[in-house]
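Each chain, written out:
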Amino acid sequence: MSRSLSWDELKYELQPWIRNAVHGMGFEGMTAVQASTIPMFCGNKDVVVESVTGSGKTVAFVIPIIEKVINDVLNGSPLKKGHFYSLVISPTRELSSQIQGVFDAFLSYFPSEVCPIKSQLLVGTSASSVRDDINFFMENKPQILVGTPGRVLDFLNSVAVKSASCGIVVLDEADKLLDVGFEKDVESILNLLPKQRRTGLFSATISSAGDQIFRTGMRNPVKIAVKSKLQNPDTLDISYIVVKPQDKLQYLLHILTHIQYKKCIVYFPTCTSVTYFYSFMKHCLTTGNTGTEPDLFSLHGKLQTNSRLGTLSKFSSGLNKSVLLTTDVAARGIDIPEVDLVLHFDPPTSTEMFLHRCGRTGRANRVGRAITFLNEGREEDYVDFLEVKNIEIDEMPFEVNVTEDLSKKFETWVLEDRARFDNGVRAYVGFIRYYSKHTASSIFRLQTLDYIGLAKLYGLIRLPRMPEITQNLKNDMIPADGWLVQPPIDLDRFAYANPQMERSRQEELKKGKETEAKKKLKSELKKKNSSWSNKTTAKDTKGERKTKLALKRKAIEEKIAQEDEQNEGEEEEDWKDMVRRSKKSKTASQIQGDFSEL
């Protein structure tokens, strides 16, 4: 990252109270992206901004938005009822909430007791509906809106909301917003806004959006790219540890309890894996004997919005050593103070996401550290792959005394509740599907995956029946009937700790046995009946043919006998010749008859 510049060198005259806010919030100097973007965006320029994570992109668009609200609304034409001036869209609720917090922090320095500039957060929650957002909007008349695409689109489609006065729109993490998941909603939003507006696109990996940026309606945009030879900031140290899959959890717990850090974020591949490992790690850390136990939090996309925002707030404001287990939902744009360690339990599916994850630490010239676990074998080629992408990563010399104690503890914990076994299987299956979608498919291959070691990592007592396992694992490597523990567990007796779930399971088991017995009986009867029926039909058909042939032969013999009596002295003929001659004469007579009629 480039060195900080003095705010006095900014080529734009900021409002005095904004200068006070900048210094009051601890921004002693500008970053390169702020020095380049603020003058352009405060003027009449569309901007496409690409800069490494943690380089201050949020402040680079917050200040221009406030400046333009002052110049165009407060000192210009006031907004009519139901109108707004600025819109900021981000891909996640957490990031939207954080951006809203930055606006609130700046506006708290407004010189008057009553600030005429207001902002409103638009994210989907169970506590507020779109109607609630509209009522708040009509009552408070905010000039700035911040939200996620889905809720913003629903909000703008209301007849009470007028978008004709919108003069500036920002897409934060623009490459994600222009991706398949948000593309349609974002395009619909932009189509509702005036064409004569300023547009800003911001991301650390905007180049991955390609030609999609031209679909945002920008006219002659200025591209601002603040890059170094390496894509990771100078203050961020990225390293990797090669480990066997079954030992990965033991390495993780050792790092979390023996390495110095203030706050740590651990990234898992799926929501189910976050829930599953959070429960077991909570069990391990509360039972002690692992070193200095940190506070543990979990966050993923399947949680309710209020729960997600609450967890993020507790993790951010906590004073103790804290660890957040999460998915990529918390990988983009989130700025949590004092995060000095990031751990990748598994590498993400793209290098862009790898940079975003690592960028949660080492922000704004603070020192940070990111560690990636790589499975032994083919995954070690990922290091060379990252170097090709200009991401510097070094091997971390790290050894852990691996024992069987943790795996036995994991097995005991799983066997206490069938629900844990079910969650473990779901997490295992989810990871394999996640693994198959990796962009570096030549490195992350299902054919070379250690399925048994991975199953031990997830605490499984039996391999699930999956086509990926049967296709890629040799038969002699698969344990008998898939069991990883001896002796095998009687799954019919393996109970849920929750009484209601166990009652439901027992009822289903009883119904299943009854249904299976009925199916078996029905199959046996069908087989028996089918065999008897087919046999009888065959016998009847054969008997009928024999009877017909016998009657026919008898009739012919009688006819021959009659002819013999009428033609005594004539030479005896074979009855078959008689039949052939009879047919021939009959045919000839029919033909003669036909011609006579003509």
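Residues numbered from 1 in each chain as written. Predicted model: local features only at pLDDT ≥ 70, side-chain atom pairs only at ≥ 80, totals over all residues. Heavy atoms only, no water.

(A) Representation of the pattern of salt bridges. The full count for this structure, using the stated rule, is 15 salt bridges. When the shortest N-O distance is used, the salt bridge between Asp8 and Arg19 registers 2.6 Å. Placement of the pair is Asp8 in the segment before α1 (16–24) and Arg19 in helix α1, with a sequence separation of eleven residues. A salt bridge links Glu502 to Arg505; the nearest nitrogen and oxygen atoms lie 3.0 Å apart. Highlighted residues: Glu502 and Arg505, both in helix α18 (residues 499–566), separated by three residues, approximately one helical turn. Arg505 carries the same exposure label as Glu502, and that label is buried. (Salt bridge = Lys/Arg side-chain N within 4 Å of Asp/Glu carboxyl O. Helix = DSSP H or I, 4+ residues; strand = E, 2+ residues; numbered from the N terminus. Buried < 20%, exposed > 50% of the residue type's maximum accessible area, 1.4 Å probe, protein only.)

(B) Expanded view of the sheet that holds strand β14 (residues 394–395). A sheet is described by the order of its strands in space; here seven strands give the open sequence β10-β11-β9-β12-β13-β8-β14, paired in parallel fashion. Each edge of the open sheet is held by one strand with a lone partner, namely β10 (295–299) and β14. Taken together, the two bridges between strand β8 (residues 236–243) and β14 define a ladder with parallel strand orientation. Its bridge partner lying in β14, Tyr240 is registered against Glu395. Strands β9 (263–267), β10, β11 (322–326) and β12 (339–344) of the sheet are contacted by helix α11 (residues 305–317), whose axis makes an angle of about 150° with β10. Contacts from helix α12 (residues 351–358) reach β8, β9, β12 and β13 (368–375), with the element oriented near 150° to β12. (Pairing = 2+ DSSP bridges. Contact = heavy atoms within 4.5 Å. Axes fitted to C-alpha atoms, helices over the stretch in contact; angles between N-to-C directions.)

(C) Broad picture of the sheet that holds strand β4 (residues 144–147). Across the sheet, seven strands lie side by side as β3-β4-β2-β5-β6-β1-β7; this open sheet has parallel pairing. If you trace the sheet from one side to the other, it starts and ends with β3 (119–122) and β7 (222–226), each paired once. For this sheet, the mean inter-axis angle between neighbouring strands, taken without regard to orientation, is 15°. Pairing geometry for strand β2 (residues 86–89) and strand β5 (residues 168–172), over four bridges, is parallel. The partner of Leu87 across the bridge, within β5, is Val169.

(D) Highlighting helix α14 (residues 405–415). Residues of α14 that are buried include every one of Leu406, Phe410, Trp413 and Val414, and no others. Buried positions in α14, seen along its axis, are confined to an arc of 100° and lie on one side of it. With respect to the buried face of α14, the exposed residues turned more than 90 degrees away are Asp405 and Lys408. On its buried face, α14 is in contact with α9 (248–258), α10 (271–286), α15 (418–436) and α16 (451–457). (Arc of directions from axis to C-beta.)

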